[in-house]
Every structure is written in structure tokens, then in C-alpha cells.
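# Structural overview
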Amino acid sequence: MPTFVYMTRCDGCGECVDICPSDIMHIDKTLRRAYNIEPSMCWECYSCVKACPHQAIDVRGYADFAPLGHSVRVIRDEEKGTIAWRIKFRNGKKDMELLAPITTKPWGSATPDLGKVPAPSKEMRDSQLLFNEPKYIRMDDGGLHTLQSNGLEIKKGVQY
Amino acid sequence: MSYSTIIEDNIDILVVGAGLGGTGAAFEARYWGQDKKIVIAEKANIMRSGAVAQGLYAINCYMGTRFGENNPEDHVRYARIDLMGMVREDLLFDMARHVDSAVHNFEEWGLPIMRNEKKGSYLREGRWQIMIHGESYKPIVADAAKKSSDKVFNRICVTHLLMDESKENRVAGAVGFNVRTGNYHVFKSKTVICGAGGASNIFKPRSVGEGAGRVWYAPWSSGSAYGLMIEAGAKMTQMENRIVLARFKDGYGPVGAYFLHLKTYTQNGYGEEYESKWFPALQQMVGKEYLDPEVSHRTHRPIPTCLRNHAIINEVNAGRGPIHMVTMEAFQDPHLEEIGWHNFLGMTVGQAVLWAATDVDPKYENPELTTSEPYVMGSHATGCGAWCSGPEDLSPPEYFWGYNRMTTVEGLFGAGDAVGGTPHAFSSGSFTEGRLAAKAACKYIDDGKAEGIRVSDAQINRRREQVYKPLETYSVYSNEVVAGTVNPNFINPRQGLDRLQKMMDEYCGGFGVNYMTNDKLLNIGLKKMSILGEDLEKVAASDIHELLRAWELKHRFLTSESVFHHTLFRKETRWPGYYYRGDVMKLDDKDWHVLTVSRRDPKSGEYTMEKAPLYHLVGDVEKAAPVDHH
Ligand SMILES: Cc1cc2nc3c(=O)[nH]c(=O)nc-3n(C[C@H](O)[C@H](O)[C@H](O)COP(=O)(O)OP(=O)(O)OC[C@H]3O[C@@H](n4cnc5c(N)ncnc54)[C@H](O)[C@@H]3O)c2cc1C
Ligand code: SF4
Ligand code: SF4
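Residues numbered from 1 in each chain as written. Chains lettered and ligands numbered in written order. Predicted model: local features only at pLDDT ≥ 70, side-chain atom pairs only at ≥ 80, totals over all residues. Heavy atoms only, no water.

### A closer look at the overall build of chain A
How we decide: Helix numbers and strand numbers start at the N terminus; a helix is a DSSP run of H or I with at least 4 residues, a strand a run of E with at least 2. The cut-offs for exposure are 20% and 50% of the maximum accessible area for each residue type, with area from a 1.4 Å probe on protein chains only; residues under the lower value are buried, those over the upper are exposed, and the others partly exposed. In this analysis, two residues are considered to be in contact whenever any of their non-hydrogen atoms come within 4.5 Å of each other. Only the protein chains shown count as cover for residues, with accessible areas throughout obtained via the Shrake-Rupley method and a probe of 1.4 Å. Note on charges: Lys and Arg go in the positive column, Asp and Glu in the negative column, and His and the chain ends are not counted at all. Charge positions are represented by NZ for Lys, CZ for Arg, CG for Asp and CD for Glu.
The number of helices and strands found in chain A is 4 helices and 8 strands. In sequence order, chain A lays out its α and β elements as β-α-β-β-α-β-β-β-β-α-α-β. On the principal axes, the C-alpha backbone points of chain A span a range of 65 × 45 × 30 Å. In chain A, which comprises 160 residues, the share counted as buried stands at 46%. Within chain A, contacts between residues at least 6 apart in sequence are counted, and of these 37% link residues at least 24 apart. By element, 51% of the accessible surface of chain A is carried by carbon and sulfur atoms, the whole surface being about 8,300 Å². When the 22 positive and 21 negative side-chain charges of chain A are each reduced to one mean point, those points stand 5 Å apart.

Here's what the structure looks like:
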């Protein structure tokens, strides 16, 4: 569903330009507001819609198969850690509100800085283990699976 | 042209494309290389780039070893049968034995994973899938990657890899341009981990006009992982193994949760079960080893995805379409109805928009399904990608040359869609592969394998000229005509893409020909491809945005050419339902129980094809009890 931008709501801040994975939200030079320069390369991913601080962007179903008159709106709130959707059908009979969490931690707080954790030992470097392993595989004392530990062989040809 | 050249020097690990594979690589690289210089070059913004930009509602690859659910070899067995035997079992086992630790890290970083309240384990959608509230999956993993990186260069479209001039076949970095400023960026690096993703939009899509962006895989999946590596002379594998998806019509909304969790099922346009009647004839084509409905009913051996497509395609051709997903039963339960909608909002919003626009309420109406145009990628139910080394403790000699996930170009590693023979990795497995590649890349550097790399100014300048040539072509020729897009001296990227897609569709087995091709068609197609290749030297870009599209097209072209060569080479129909070789309609285990491997000579552009042996894990008897999916 290609996006479009409401003239009266957009202030040209460029958040949508910064985020669109398809590089199709651009600022119009004369109007100084954003618009979708290439609707046929829009994935209706809603990244720009979620990023716009003024709810200026909306989506109108692709002209080649989606009739007019529906609406799917969203508000994503990093502080609350939620995303809220509202879906309205074309015939007005269905109107749904759906809410989901987007994170369980204060936003941006929980990823580690691996430059600061204790450096891996030589044994670890020479092993098949990755960061946090083997602990993070089973969350207890089990080791990494190997062919030997699992009683396996790897053999050439049709084997089944 | 007045664009500056910006050189980033002394990089140890350059991550090209930070989707799920690339973020995994950047994250892990910091642990093994705490003093190393780690840089990301990404064509979009890593906070919302790649196939997971809009989020996911499930992590499709999780063993649950912690909860005693599955062992890695169980997953290998599953991926093997789903891909009709054609997988790299060393790479798959390796991915599967590590994947849980990636998921446990995600949970710690704040990704909401649903729990099975009774068991305390994660809520299963199916045997391998767990359910998440994954709207922010990508920003969460990107945040981890960012913390691990010295620098993140967003909005750099990488066009070429740089090659070492002191040692043949060794990588030395990459070049590209900034899609906003237009500046030329040079990254000199000891290693490159390529995570630039799979390819949508190389076969003509079913959607037309304004809707052309509604493809199943993201429209920005430009095949760059393949384009970059093929151009550098890396060997590729299983590029014929494109995938066709059975999805909700037009919106291409995911069906996994519908089948597995909501227990919806399909029927033909007349309300009949149709699948089983196509199986006896299909069994004749592929053999009982690959299709045995009885065994599949008794055990949890799946019926391969391609074979289920085959039944849909044939039922529709027999005039009994459309295929419907029976949702009316499940959706009477309000809880399941909510999951059905959340599932779209979490990963394919467009499907929700489409049903709202067309008043399709799955509670009262069974929606239509369709089979998509083919896609070329390596992390979903298919395994296209680079021919990579496996880990030393698992891999037989033919699959091992020193460093895990290293391609046949020294110092060039892959992750996710970039790596061949590893289907069913999905988001979590792609991230895991990135981690594995990063550890190996650090080791490669520490072993002194990257010493003495030399990149001349001549190479950098030659690439610079190539990068901007489409802008040059435009400025030289556009004023010869009054106005408009028709010019005798060039084509624009959209025109080139249309031609590529039409050719792939008609000669290489797209939906327009019911996925059918043969040796004659493929040979004609290859001839036309080489002429398109000549025309792409004359592709013109009127601005920097179009320059991005021009380079995406060139990467899609290289990917497609490889698909043609591979499809011609494998003289059998291995995956009915993905594509058919009309001249050899049977699966042939005698001659083709092998992996296909290609190399394009970077100097001449000539292809050489070879067969590589298939190894299977044996000695494993399925011990795990059937998993209760609820
Ligand atoms: C609709 C849909 C549903 C899915 N559902 C699920 C699911 O439920 N569960 C699950 O686990 N997986 C799912 N997947 C699969 C999952 O998204 C992929 O397996 C995974 O994202 C592949 O990772 P990757 O790193 O190879 O590619 P991507 O994540 O696509 O990353 C590629 C990156 O490379 C960048 N790039 C591309 N070209 C260039 C260039 N020239 N220069 C610089 N950068 C470049 C892109 O911008 C992007 O950031 C789904 C995918 C889709 C599309
Ligand atoms: S983010 Fe919203 S307000 Fe800002 S430029 Fe885009 S549409 Fe306008
Ligand atoms: S919906 Fe996605 S692809 Fe479309 S303009 Fe917005 S960010 Fe870009």
C-alpha cells in the first residue's frame, strides 16, 4: 500500500526520509514536505508511518488491487514500549483496535557492550563456542552438540 | 562530477549489508576482536533495513534444546527432506547447534517472546517456530550491532568488492556511493562479511503498476549479496533452487501461523480436499524416498513445501481454483482471530490493509491463496548462495578450507541469504551465521592471513568511473531527445528491470509459464541475457536515487544470469512446484544427487559448472517425542 503525506500535517522534519528502507520518501524542494517518489517500490512496511512525529503519513491500498475507503493506522510508542493499531474496513462494519508490546526493557538499555566484557580465553578461541556459550544454549551446564556427542557420522552419497 | 572520495582505511571487519546476518556479524565480531576495527556499510538505515524491516511475529528457527525439545540433527533432517535432499548438512548442523543462544540473547535484549504458561517454555507456533511480539525485532538487533561497531555508514549502496593486488583471489574491502550525498566511499578492509541479502523482483511479479512493490520478499532485496560475490569470482551453489511461496492472494501475507497455530487448512474452489489426489502421480516423478504421505502421516516427516505447491498449481490448472484457506472455523475463537490479525500487523501489514480494503473478514469468508513469482534467496525454504567452508569439527574435506562461512574468495565471508545450502535458517539462523562468520574472520586475521594487502589507486579510480557511469550516460545523451523516457542511446533502470523480469518469467520458469522451462528455453534466455548485459552498460540514471536503482538492477542481473546457468546445468526436475524442466520431468538421484557449484570468471564473464558431493548425517535415530504444538 503506497504511502502518501497529508499536506497540512507534515513539517518537513525528514524522519521518514531517514528511515525508509526503499529510499522513496523524499522532501519536495518547493513544498519542503515529504512525499513518496516511487510508489511502485513501496512495501507498505509502515517504517515511515511509525517514525513520523506528526502522524502525517498514511497508506492507501495499491491502486491495482485495493479499493478505496479503508484505513489501517498505527501509533508506536518507545517509552511505553507498545504499538497500537486500528483497522477500519471499507464497508464500515469492522473496526478493530489491537495492541502489542514492542520490548520488555527500557528502550535501548539492554544490549551489551562486548568491548567491555572479559576477553575470551585461548581455549575458547580454539573451540567452536560463541559469546555466552555454552551457557546460553541450554541455560545450564550442557555443552555444545558435536557429531560425536550426538552419535552421528557424516557420509557421502544417498544415505536415506 | 564533483562528488568527493571518502576513504575509510585500516578496517579489520567490514560488514556489507546489516540485516539479520550482518547485525549478527557486527555484534559478535566485537567479542573476538575487542581491539579490531569493525565497520558497517548499509544501503538503508540499519534500524529498519532488510527483510525484517517491518518486524516479525515468529522466530522460525529455534531448537528448544534448553527445554528438551529438539536436537540439531532433527532440524537437519527436516530441512533435508523439505529441500528434497539438497542441503549442506555440516552448515545446517552448525547453525542449529548455536541458534538457541542467539534467541536467548534476543530475549535478554528485550525482544518479547511469548511463553507457554503451562510448560514455562516458549510458545510454539510449530515444531521449529516460536511466537514473538517482534515489531521492533530489527531495531533491537541493530542496536546491539551498533554498540559493537566503530562506525556505521548508513545509506551506502555497495557496488563492488575490492580485490587485493598482491595475492590473487583475496578480498580487500568494498566500494560504493552514498545515496543521499552521492559521495564515493572506499572501504579498505582485511575481511568482508557479506550480508547483503536475497533477491526479490528478478522474476516478473504478479502485482502490476503501482502495486509492483507488493512482492513477498522485500522490494529492496536486490540480490546484492549474490551480485557482489559473483562479480568477485566467488563460487555459488544451488542457484537454480529458487522458491515459490503459497501465500494469501495479492497481499502475500504469511501463512505459517495459520497452518501451524490456528490449524487452518486449504481446499479448492469447490470446497474439496485436493492435495492427496495429486500425490500418486507426483510420487512417480520424485520417488517414494521424497514423497510418502503414509509415512508423513505416521511420523512428523513433513511433505516438502515444493510438492504442496505442485498440488496447488495443478489443481488450479485443472480448473478448480481458487485455492482457499479455511479460516472460518478457527476465527470463531476470538483469541485465535486476534492472533491471525496480529500476525499480519507484525510482519506484513499490507495484507491487513488489503482485507480491510476488500472487506474480507476471515471470520465469515475463506480468503484466497495463490502461488507467488519465484524468489532467489538462501535463508527461507530454499538454499541459494555462496559455496562456503564449514566448521573444522563437522565438515568433510570437500566442504572445508580453513574458516567457517568463508567463500572461495579468501577473506570474504557470508551470512544469511548470502550462504548457499543452508535453508530454514530464517531470522535467527541468519543472525547465528553472522556470528559464526565473525568469529572465523577474526581468526583469519589473527592467523596472519590478511597480511600485505595492497589496493592501488588505479583500482579505486576504475571502480569510481564504473559507479558513476549511469549518471554520465544520462548527462551525455538525455538532451538529444525533446523530453520523456524514450532514448535510443540508453535505457533507465525501470525499463531494464522490466526486461529482466519478463525474460526470467518466460525463459526461466516464472508464474507466467506455470514455472515451466527446458533446455531450449534456457539457452535462448541466456543469449538474450548476454545482450541485456551489454545494454546494462548503457543504463542511465537521472539522479542519485536512480543510480541506486541502476546498481540494484546490475546486482539482480548477475544473480539472474547465475540462476539461468544453474537451471540449465541440473538436468532433472528436483523440486516440482518450484520449477519444472519440461525436458527432464523426473527427479534423478543417480546422476543428480549432488550440489551444483558455479564460478563466473571475473575477467571473461564465462561460467564453469561442477557437481559437488552430498554428505548426509547418519547414525541418528529420531529420539525426540512428538512436540505438542500448543
Ligand atoms: C514477509 C517475510 C516473512 C518472514 N517471516 C519470518 C518469520 O516469521 N520468522 C523468521 O525467523 N524469519 C522470517 N523471514 C525471513 C527472514 O526475514 C530472513 O531469513 C532474514 O532476514 C535474512 O537475513 P539476511 O541478513 O540474509 O538478509 P536481510 O535481513 O534482508 O538483510 C540484507 C541487508 O543488506 C542490505 N543491502 C542490500 N543490498 C546492499 C548493498 N548493495 N549495499 C549495502 N547494503 C545492502 C539491506 O538493506 C539489508 O539491510 C521472513 C521474511 C519475509 C520477507
Ligand atoms: S516524518 Fe512526517 S512530518 Fe517529518 S517529513 Fe516525514 S511526513 Fe513530514
Ligand atoms: S511504507 Fe516502507 S517502503 Fe513505503 S514509503 Fe514507508 S518506509 Fe518506505
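What follows picks up the thread again.
### Here's the deal with the site of ligand 2
Note the cut-off: Whether a residue is near a molecule or strand depends on its heavy atoms: it is near if one of them lies within 4 Å of it. The residue classification treats Ala, Val, Leu, Ile, Met, Phe, Trp, Tyr, Cys and Pro as nonpolar and Asp, Glu, Lys and Arg as charged. All others, Gly included, are polar.
Taken together, 13 residues lie around ligand 2, and A:Cys10, A:Cys13, A:Gly14, A:Cys16 and A:Cys52 are the ones closest in. Taken together, the residues that form the shell around ligand 2 break down as 8 nonpolar, 3 polar and 2 charged.

### Notes on the interface of chain B and chain A
Many descriptions give the size of an interface as the accessible area lost when the pieces come together. For clarity, the threshold we go by: Once two parts are joined, some of their accessible surface, as seen by a 1.4 Å probe, is lost; buried area is that loss totalled over both. Within this document, salt bridges are pairs made up of a side-chain nitrogen of Lys or Arg and a carboxyl oxygen of Asp or Glu, the two lying within 4 Å of each other. For this analysis, a polar contact is any N or O atom pair within 3.5 Å, provided that within protein one partner can donate a hydrogen and the other can accept it, and provided that sequence-adjacent residues contribute only side-chain to side-chain pairs.
Counting residues at the interface gives 106 residues for chain B and 93 residues for chain A. Surface buried jointly by chain B and chain A totals about 8,800 Å² across both partners, of which 60% is contributed by carbon and sulfur atoms. If you look at where chain B meets chain A, you find 10 salt bridges. Notably, a salt bridge pairs A:Lys94 with B:Glu337, separated by 2.9 Å at the nearest N-O pair. The tally of links between chain B and chain A comes to 51 residue pairs in polar contact (both at pLDDT 80 or more). Among the elements that take part in the side of chain B that touches chain A, helix H3 (residues 89–109) of chain B stands out by supplying 11 residues, more than any other.

### Side note on the sheet that holds strand E6 (residues 82–88) of chain A
Residue and element names in this part refer to chain A. Heads up, the rule is: Two strands qualify as a pair provided that DSSP identifies no fewer than 2 bridges between them. In this analysis, axes come from line fits to C-alpha atoms, helices being fitted only over the stretch in contact, and the angle between any two N-to-C directions falls in the range 0 to 180 degrees.
The 3 strands lie next to each other as E5-E6-E7, forming an open sheet whose pairing is antiparallel. A single partner strand is all that each edge strand has here, and the edge strands are strand E5 (71–77) and strand E7 (95–101). The sheet shows a mean angle of 15 degrees between the axes of neighbouring strands, direction not considered. Sheet topology note: the E5/E6 ladder contains 7 bridges and is antiparallel.

### What to know about the sheet that holds strand E10 (residues 246–248) of chain B
Residues and elements named next belong to chain B. As summarised here, the arrangement of the 4 strands in space is E10-E13-E12-E11, forming an open sheet in which the pairing is antiparallel. Each edge of the open sheet carries a strand with a single partner, namely E10 and strand E11 (265–267). Looking at each pair of strands side by side, their axes are set apart by 40 degrees on average, direction ignored. Direction of pairing for E10 relative to strand E13 (residues 368–371): antiparallel, over a ladder of 3 bridges. Bridging across to E13, Arg-247 finds its partner in Thr-370.

### Quick notes on the site of ligand 3
Near ligand 3 you find 13 residues, and of these A:Cys20, A:Cys42, A:Cys45, A:Tyr46 and A:Cys48 are the closest. Mapping the residues near ligand 3 onto chains gives chains A and B. Looking at side-chain class alone, the shell around ligand 3 contains 10 nonpolar, 2 polar and 1 charged residues.

### Considerations on the nonpolar core
Note the threshold: Nonpolar cores were defined as sets of buried Ala, Val, Leu, Ile, Met, Phe, Trp, Tyr and Cys residues, with membership established by side-chain atoms within 4.5 Å.
Counting residues in hydrophobic clusters, the biggest one holds 118 residues, and the most contacted among them are B:Leu14, B:Tyr226, B:Met229, B:Tyr375, B:Val376 and B:Leu412. By residue number, the principal contributor to this core is helix H16 (residues 544–569) of chain B, which donates 7 residues. Beyond its immediate sequence surroundings of up to four residues, B:Val376 is in contact with B:Gly198, B:Ala199, B:Ile202, B:Phe203, B:Tyr226, B:Met239, B:Arg242, B:Cys384, B:Thr559 and B:Val563. Within the second largest apolar cluster, 110 residues are counted, among which are A:Cys10, A:Leu98, B:Val103 and B:Leu262.

### Focus: the pattern of salt bridges
Opposite charge on two side chains lets them pair, provided their charged atoms get close. A complete count under the given rule lists 58 salt bridges over all chains for this structure. Between B:Lys277 and B:Glu315 there is a salt bridge; the shortest N-O distance is 3.3 Å. Of this pair, B:Lys277 sits in helix H7 (residues 275–286) while B:Glu315 sits in helix H9 (residues 305–317); the two residues are 38 residues apart in sequence, bridging distant segments of the chain. For B:Lys277, a relative accessible area of 41% translates into the label partly exposed. Salt bridges sharing common partners tie together A:Lys50, A:Arg76, A:Glu78, B:Arg48 and B:Glu135.

### Observations regarding the pairing of strand E20 (residues 615–618) of chain B
Of the two faces of E20(B), the one lined by B:Tyr615 and B:Leu617 and the one lined by B:His616 and B:Val618 are each fully buried. Examined bridge by bridge, strand E8 (residues 153–156) of chain A and E20(B) share 4 bridges and lie antiparallel to one another. If you follow A:Glu153 over to E20(B), its bridge partner there is B:Val618.

### Digging into the layout of surface pockets
Residues and elements named next belong to chain B. Selection criterion: Here a cavity denotes a set of grid points, spaced 1 Å apart and computed over the protein atoms alone, in which a 1.4 Å probe fits but from which it cannot get out, and a pocket denotes an open set meeting protein on both sides within 12 Å along at least five of seven lines; residues with an atom within 4 Å of a point are reported as lining. Grid points are joined across faces, edges and corners, and a volume is the space filled by probe spheres set on the points.
The calculated volume of the second largest pocket comes to roughly 1,200 Å³. Elements supplying a minimum of two residues to the lining of the second largest pocket: strand E6 (156–163), helix H5 (224–231), helix H13 (457–477), helix H15 (519–536), H16 and strand E18 (594–600). Looking at side-chain class alone, the lining of the second largest pocket contains 13 nonpolar, 13 polar and 16 charged residues.

### Here's the deal with unusual backbone geometry
Between A:Glu133 and the following residue, A:Pro134, the backbone shows a cis peptide bond with an omega angle of 5 degrees. Its place among the elements puts A:Pro134 in the loop between helix H3 (122–126) and helix H4 (135–138). The residue after B:Gly321, namely B:Pro322, is reached through a cis peptide bond having omega -10 degrees. Examined against the element boundaries, B:Pro322 turns out to sit in the loop between H9 and strand E12 (323–326). With a phi close to 55 degrees, B:Phe426 is a non-glycine residue in the positive phi region. With respect to the helices and strands, B:Phe426 occurs in helix H12 (residues 426–446). Of note in the backbone geometry, B:Tyr515 takes a positive phi value of approximately 65 degrees without being a glycine. Within the secondary structure, B:Tyr515 is located in the loop between helix H14 (493–508) and strand E16 (516–517). Judged by its relative accessible area of 1%, B:Tyr515 is buried.

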